[in-house]
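A structural walkthrough
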Amino acid sequence: MKNAESQKERGAAIRIENLGKSFGDFQALRNVTLTVAQGERIVICGPSGSGKSTLIRTINRLEQHQTGRIVVEGTELTNDLKGIEKIRSEVGMVFQHFNLFPHLTILENCTLAPIWVRKLPREEAEETAMHFLRKVRIPEQAGKYPGQLSGGQQQRVAIARALCMKPRIMLFDEPTSALDPEMIKEVLDTMIELANEGMTMVCVTHEMGFAQAVADRVVFMDGGQIVEENEPVAFFSSPRNERTKLFLSQILGH
Amino acid sequence: MADTASNTIPRAAGPNMRSQLRRLAPFFGTPLNAALTVVLLWLMARFGWLLLDWVVLKAAILPAEPETCAGTTGACWSFVIAKSGQILFGIYPPTERWRAGLVCVLIITTLIASARPSAWRPSLGLVWVGMMVIVLWLMGGGFGLVSVPTSSWGGLPVTLILTVFAIGLGFPAAILLALGRRSKLPVVRTLSVLFIETIRGLPLLSLLLVASILLPLFLPDSLLPDKFVRALIALTIFAAAYLAEVLRGGLQSIPGGQSEAAEALGLGYWKTQRLIILPQAIRIVIPALTNTIIVMIKNTSLVLVVGLFDLISSGKAALSDPAWPAPSTETFLFIGLIYFALAFSFARFADFLERSGAEKRG
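The paragraphs below set out a description of the structure included in this document. Because the structure is a prediction, the values reported are computed rather than measured. (Residues numbered from 1 in each chain as written. Chains lettered and ligands numbered in written order. Predicted model: local features only at pLDDT ≥ 70, side-chain atom pairs only at ≥ 80, totals over all residues. Heavy atoms only, no water.)

The next thing to look at is the overall build of chain B. For chain B, the count of helices and strands is 15 helices and 2 strands. With the principal axes as the frame, chain B shows a C-alpha extent of 85 × 70 × 40 Å. Looking at chain B residue by residue over its 362 residues, the buried ones come to 40%. Pairs at least 24 apart in sequence give 68% of the contacts found in chain B among residues at least 6 apart. When the accessible surface of chain B is summed, it comes to about 19700 Å², and 72% of that surface belongs to carbon and sulfur atoms. Taking the average location of the 28 positive side-chain charges in chain B and that of its 17 negative ones, the two points are 10 Å from each other. (Helix = DSSP H or I, 4+ residues; strand = E, 2+ residues; numbered from the N terminus. Buried < 20%, exposed > 50% of the residue type's maximum accessible area, 1.4 Å probe, protein only. Contact = heavy atoms within 4.5 Å. Areas by Shrake-Rupley, 256 points an atom, 1.4 Å probe, with all protein chains shown as cover. Lys, Arg positive; Asp, Glu negative; His and termini not counted. Charge placed at Lys NZ, Arg CZ, Asp CG, Glu CD.)

Take a look at the structure:
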């Protein structure tokens, strides 16, 4: 309890209030409210089409919300381009399909944004990039192109690329869903390490082991709404909502 | 030791000869194939000999005078040699031809120097702008050089200037049009579509005629650009519209995740296009771009219909000299060779670019 209060005092990293978004007739998000404190680690899960990816993508404006408001690190997301770019440079994102730039080397993938957005000198950007590539344990691949790496290695590069911008928040959109099973662990280990260093993280994933290991809170979404949220132990041992129970039995059942 | 060596050699020769024979199988494997091979070899030898005979053995070459060609049944190269200045430089004043020659050297040198990917820096753009300014000064005169109006320009420099300027100015315009056609802003998108579809719907010939004949009827002389400039504008917008559609194909093939990843890193629209999307899109459409650019090189010859003297019209003008027999085949072969050299070297360059890209991605 004391911990939760002190987190509130430090101010929210992300404040989402009554968020709504629809694609044509399809209501993707309905009245979603969620606050993420500094240093908090949130795992969002839910069946496909539940709006979890849409929600995480509204946080850095890859999707535009229609109603409600989002405040990230004290800046509200509006149509103001300056605000959007400021938020994007402070929020790192890792995608399901890695989305590395295939025409650039691993090192260039990591230095591009620091050089062009942060205006860092090349030497400094390369130093930072090598630091984070060592951290995700693939410094020896720096000169290669993404197509020459395995999926797990590519996803670790994608994490390093996001970290090179020294973000205050990291968003993960199903980072292990496109990976072969034997590569999931190396990516999750990297993410756990990051969580242990106190990074604010919002992670859409079905890796319930990861959720139990690092999440402060697990959020379950269905039909564009947050159905249930709780700390992991309570979430997994005594889910309150029927839909949560059904979902958990489906993904933990086998 | 010596024994084993002498033993292995004949044994190795057996399969070797057999494998060489096997390589002939497609040509002589069946009676029909054998007959076809013999007939084709005979035809090739026959026409090869005729060509060699005409081009070299019976050709009239030196001295480069009209009499040399009299009575020859071979090619009259002495005409091409004697008239090479006129074919290459048209009606450009003969005493100033060195300037036109220098322009060709300058353009070709800049092209070759720009071919290495290691030379692709922002400063290369400045080199090109500088080259274009010097070329216009050398051709047109002023600032210490005798002034030569564009109506006296001719030959290879005209072909090179039209090609390089039309593509050099048309390519950036094409990038903007292609991006415009995919823009989220309705006004930009509509204007781009209208422009591209209108220009693509018109034959180049009609664009050139509009530029040279119709525009003077509507515009007062003081507002009317030079005829050369008007033809250049027509070629440029034509190139822009076609290149834009080729580029759009490339842009569409880049997965949406690429621009999402770039935007998520805080890169704005223009930086995303310049650093992430365009480099990939252009590499994908290199074969189609090559095709369009080679067509553009040859399209420049159409300016002859509006009275500009490109390489082909200069050749035709040279042929009208009554002192000489008019060996048009030789002249057009010579001109064809120049076009071929331009188009072929560009195609080789594009091929090199494509392969260097393929190697990189492993």
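There is more to say, and it comes next.
Both faces of the sheet carry side chains from a regular strand, because those side chains alternate between them. Residues and elements named next belong to chain A. Pairing of strand S1 (residues 12-23) with strand S2 (residues 26-37), which is carried by 8 bridges, proceeds in the antiparallel orientation. The residue bridging Ser22 from the neighbouring strand is Gln27, located in S2. The loop that links S1 with its antiparallel partner S2 comprises 2 residues; one of these, Gly24, has a positive phi angle of about 60 degrees. (Pairing = 2+ DSSP bridges.)

Looking now at the pattern of salt bridges. Residue and element names in this part refer to chain B. Within the structure shown, the criterion is met by 23 salt bridges over all chains. Ionic pairing is found between Glu245 and Arg181, a salt bridge with its closest N-O pair at 2.8 Å. With Glu245 in helix H10 (residues 227-252) and Arg181 in helix H7 (residues 156-181), the pair connects residues that are 64 residues apart, well separated along the chain. Note on Glu245: relative accessible area 15%, which makes it buried. (Salt bridge = Lys/Arg side-chain N within 4 Å of Asp/Glu carboxyl O.)

Okay, the sheet that holds strand S5 (residues 75-76) of chain A next. Residues and elements named next belong to chain A. Read from one edge of the open sheet, 4 strands run S2-S1-S4-S5, paired in antiparallel fashion. Sheet topology places S2 and S5 at the edges, where each strand pairs with a single neighbour. Where helix H2 (residues 52-59) meets the sheet, its contacts fall on S1, S2 and strand S4 (67-72), and the angle it forms with S1 comes to roughly 125 degrees. (Axes fitted to C-alpha atoms, helices over the stretch in contact; angles between N-to-C directions.)

This next bit is on helix H13 (residues 286-299) of chain B. With 14 residues, H13(B) extends 19 Å between its outermost C-alpha atoms, agreeing within 8% with the 20 Å of an ideal straight helix rising 1.5 Å per residue. Where H13(B) is concerned, the buried positions are B:Ile286, B:Leu289, B:Thr290, B:Thr292, B:Ile293, B:Ile294, B:Met296, B:Ile297 and B:Asn299. (Expected span 1.5 Å × (residues − 1).)

On to the sheet that holds strand S10 (residues 225-230) of chain A. All names here are of chain A. With respect to topology, 6 strands assemble into an open sheet ordered S6-S7-S8-S3-S9-S10, the strand pairing being mixed. Edge positions in the sheet fall to strand S6 (91-94) and S10, since each of these pairs with one other strand and no more. Each strand of the sheet is rotated relative to its neighbour by a mean of 20 degrees, with strand direction disregarded. Direction of pairing for strand S3 (residues 41-45) relative to strand S9 (residues 217-222): parallel, over a ladder of 4 bridges. Across the sheet, Cys45 pairs through a bridge with Phe220, a residue of S9.

The subject of this paragraph is the packing of H10(B) against helix H12 (residues 269-284) of chain B. All names here are of chain B. It is the contact of H10 with H12, at a shortest axis distance of 8 Å, that shows an interaxial angle of 115 degrees. Taken together, the axis directions place H10 and H12 in an arrangement best described as roughly perpendicular. Read as a crossing pair, H10 and H12 show a hand that is right-handed. Mapping the contact onto sequence places Leu247, Gly250 and Leu251 in H10 and Ile277, Leu278, Ala281 and Ile282 in H12. Among the residues making up the contact of H10 with H12, the classes are represented as 6 nonpolar, 1 polar and no charged. (Parallel < 35°, antiparallel > 145°, perpendicular 65-115°, else oblique. Left-handed = near helix turned anticlockwise from the far one by under 90°. Nonpolar A, V, L, I, M, F, W, Y, C, P; charged D, E, K, R; others polar.)

Here we take up the packing of aromatic side chains. One pass over the full model with this rule turns up 8 aromatic pairs over all chains. On the numbers, 4.9 Å between centres and 65 degrees between planes, the contact of B:Trp153 with B:Phe228 is edge-to-face. Linking B:Trp153 in the loop between helix H6 (122-140) and strand S1 (154-155) with B:Phe228 in helix H10, this pair joins segments that are 75 residues apart in sequence. Assigned by exposure class, B:Trp153 and B:Phe228 land together as buried. Positioned above the aromatic ring of A:Phe101, the side-chain terminus of A:Arg161 is 4.5 Å from the ring centre. (Phe/Tyr/Trp six-rings, centres within 6.5 Å; stacked < 30°, edge-to-face > 60°. Lys NZ or Arg CZ within 6 Å of the ring centre and 35° of its normal.)

Turning to its location among the elements, A:Arg161 is positioned in helix H6 (residues 151-163). Here A:Arg161 occupies a buried position and makes no salt bridge, while the nearest side chain of opposite charge, B:Glu260, is found at 9.7 Å. A polar contact is formed between the side chain of A:Arg161 and the backbone oxygen of A:Phe98, at a distance of 3.5 Å. Within the structure, the side chain of A:Arg161 is placed 3.0 Å from the backbone oxygen of A:Asn99, a separation counted as a polar contact. Not counting the four nearest positions on each side in its chain, A:Arg161 is found in contact with A:Phe98, A:Asn99, A:Leu100, A:Phe101, A:Asn109, A:Cys110, B:Ala261 and B:Leu265. (Polar contact = N/O pair within 3.5 Å; in protein donor to acceptor, adjacent residues only side chain to side chain.)

A few words now on the interface of chain A and chain B. Facing the 26 residues of chain A at the interface are 20 residues of chain B. There are 1 salt bridge connecting chain A and chain B. Tallied by class, the residues present in the side of chain A that touches chain B amount to 15 nonpolar, 6 polar and 5 charged.

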